[in-house]
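Summary of structural features
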Amino acid sequence: MTDIESHPRLISLEGGEGAGKTTVLNALRETLLQAGHEVVSTREPGGTPLAERIRQLLLSPDGEKPSPETELLLMFAARAQHVRETIRPALARGAWVVCDRFTDSSYAYQGGGRGLDVAFIAELERRVVGLQPGLTLLLDLGVSQGRARASGRDAQPDRIERERDDFFERVREAYLARAAAEPKRFRVIDASREAATVVADVTGVLREWMAAA
Ligand code: Z5A
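Residues numbered from 1 in each chain as written. Predicted model: local features only at pLDDT ≥ 70, side-chain atom pairs only at ≥ 80, totals over all residues. Heavy atoms only, no water.

**Section: the packing of helix 4 (residues 103–113) against helix 5 (residues 118–129)**
Applicable threshold: Where helices are involved, their axes are fitted lines through C-alpha atoms of the stretch in contact, as for all axes, and angles between N-to-C directions lie from 0 to 180°. Helix and strand definitions here come from DSSP, where helices need a minimum of 4 consecutive H or I residues and strands a minimum of 2 consecutive E residues; each element is numbered from the N-terminal end. For classification purposes, angles smaller than 35 degrees are called roughly parallel, those larger than 145 roughly antiparallel, those between 65 and 115 roughly perpendicular, and all remaining angles oblique. Handedness of a crossing is defined here by the sense of rotation of the near helix relative to the far one, left-handed for an anticlockwise turn of less than a right angle and right-handed for a clockwise turn. Should any heavy atoms of two residues lie within 4.5 Å, those residues are considered in contact. Under the grouping applied here, Gly and all other residues not named as nonpolar or charged are polar, the nonpolar ones being Ala, Val, Leu, Ile, Met, Phe, Trp, Tyr, Cys and Pro and the charged ones Asp, Glu, Lys and Arg.
Their axes nearest at 10 Å, the elements helix 4 and helix 5 cross at an angle of 155 degrees. Classified by the interaxial angle, the pair formed by helix 4 and helix 5 is roughly antiparallel. Seen from above, helix 4 lies across helix 5 with right-handed handedness. Along the contact surface, helix 4 presents Thr103, Ser106, Tyr107, Gln110 and Gly111, while helix 5 presents Val118, Ile121, Ala122, Glu125 and Val129. Here the residues of the contact of helix 4 with helix 5 are counted per class, giving five nonpolar, four polar and one charged.

Here it is in structure tokens:
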């Protein structure tokens with residue numbers, strides 16, 4: 001596999017922790033269902049039984065800490081399975097797929113956060129994934145605000161959530177740089193506003209996208 005196919009019915013949600021992806025994903029799903037579409041809502045890492053087991057390995061704070069390279073390759077191992085077993089079959093039967101995180105998360109967290117070689121990530125994307133969302137909604141939020149929201153919810157932060165603020169600042173910068181480099185695919189949403197405003201904004205973007213698709 002060498003080329004990357006952009007698919008208009010594959011929509012990804014991206015952002016730092018506590019940005020509100022779960023809330024937004026539910027609203028997108030409802031909007032698509034009301035328009036009469038089949039919707040598959042899924043997440044990364046995860047989205048198949050095997051990929052969910054890889055997720056547990058990746059996010060558990062217990063035991064041996066994976067090296068940055070191991071973390072990257074496990075993210076892509078989960079994604080390879082997810083694309084083949086869940087996403088491509090759903091797109092092939094005409095469904096819309098809304099994915100909580102996709103390859104941009106690897107560029108942001110393992111590229112920006114961990115400092116791994118972006119060209120290597122791009123090579124993995126080309127050879128292992130071969131698929132890109134037509135539309136990516138980046139929920140942008142300051143690191144401290146996101147952490148405050150997530151800490152109100154998580155009793156036990158996962159392994160990546162235990163990173164320091166400078167890690168999450170690099171993640172945010174990497175996301176914003178990707179959005180600036182690909183303005184046709186990305187919509188940057190100000191996620192610092194109250195949930196109802198953010199939801200109205202993203203569902204408006206989705207309606208325009210459905211009309212054009
Ligand atoms: N990761 C990676 O490193 N590389 C990869 O390639 C991939 C992932 C795919 C797991 O992802 C980790 O994997 C993640 C990146 C890494 N690590 N981190 N950090 P995840 O998506 O499962 O975990 P997460 O980013 O930590 O998700 P999250 O914290 O659940 O974020 P969220 O879904 O965006 O937030 P939420 O649950 O919708 O909202 C958080 C709280 O804020 C909740 O109580 C809401 O009610 C509240 N909320 C939501 N919106 C608002 C607004 N607008 N105002 C006020 N309060 C709000």
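**Describing the site of the ligand**
For clarity, the cut-off: Throughout, near means a residue has at least one heavy atom within 4 Å of the molecule or strand. What qualifies as a polar contact is a pair of N or O atoms within 3.5 Å, subject to a donor-acceptor requirement within protein and to the restriction that residues adjacent in sequence count only when both atoms come from side chains. Method for areas: the Shrake-Rupley scheme with a 1.4 Å probe, in which residue coverage is limited to the protein chains shown.
With respect to spatial proximity, 27 residues lie near the ligand, and among them Lys21, Arg55, Arg101, Ser106 and Arg153 are the closest. Side-chain polar atom of arginine 79 to an oxygen atom of the ligand: 2.9 Å apart, as the coordinates give it. One of the side-chain N or O atoms of arginine 101 is found 2.4 Å from an oxygen atom in the ligand. When the ligand is considered free in solution it has 1,100 Å² of accessible area, and contact with the protein chains removes 83% of it. Where the shell around the ligand is concerned, the elements lending two or more residues are helix 1 (21–34), helix 2 (49–59), helix 3 (68–92) and helix 4. Ranked by residue count, the leading element in the shell around the ligand is helix 4, at four residues. The residue makeup of the shell around the ligand, split by class, is eight nonpolar, seven polar and twelve charged.

**Focus: the environment of arginine 185**
Here arginine 185 shows up in the loop between helix 7 (165–181) and strand 5 (186–190). Counting along the chain gives 174 residues from arginine 185 to isoleucine 11, while the straight-line C-alpha distance between them is 9.7 Å. Excluding anything up to four places from it in sequence, arginine 185 contacts Asp104, Gln132, Pro133, Gly134, Leu135, Thr136 and Arg178. At a separation of 2.8 Å, a polar atom in the side chain of arginine 185 contacts the side chain of aspartate 104.

**Examining the nonpolar core**
For clarity, the cut-off: Nonpolar cores were defined as sets of buried Ala, Val, Leu, Ile, Met, Phe, Trp, Tyr and Cys residues, with membership established by side-chain atoms within 4.5 Å. In this scheme, a residue with accessible area under 20% of its type's maximum is buried, one over 50% is exposed, and one in between is partly exposed, where area comes from a 1.4 Å probe on protein chains only.
Counting 22 residues, the largest nonpolar core has Leu28 and Leu137 as its most contacted members. Non-local contacts of leucine 137, meaning those with residues more than four positions away in its chain, are made with Ile11, Ser12, Leu13, Glu14, Leu28, Arg187, Ile189, Val202 and Val205.

**Considering the pairing of strand 1 (residues 5–15)**
This is how the line gets drawn: At least two DSSP bridges between two strands are needed for those strands to be called paired.
By the bridge criterion, eight bridges tie strand 1 to strand 4 (residues 131–140) in an arrangement that is parallel. Looking at strand 4, one finds that glutamate 5 is bridged to leucine 131. Here four bridges tie strand 1 to strand 3 (residues 96–100), and the two strands are oriented parallel to one another. Looking at strand 3, one finds that leucine 13 is bridged to aspartate 100.

**As for the pattern of salt bridges**
To keep things clear, this is the line we draw: We define a salt bridge as a contact between a side-chain nitrogen of Lys or Arg and a carboxyl oxygen of Asp or Glu at a distance within 4 Å.
The final tally for this structure, using the stated rule, is 21 salt bridges. A salt bridge links glutamate 17 to arginine 147; its shortest N-O distance comes to 3.3 Å. Of the two residues, glutamate 17 is situated in the loop between strand 1 and helix 1 and arginine 147 in helix 6 (residues 143–151); the sequence distance between them amounts to 130 residues. Between arginine 43 and glutamate 52 there is a salt bridge; the shortest N-O distance is 2.7 Å. The partly exposed category is assigned to arginine 43, whose relative accessible area is 35%. A relative accessible area of 22% places glutamate 52 in the partly exposed class. In this structure, a network of salt bridges that share partners links the residues Glu71, Arg114, Arg159 and Glu163.

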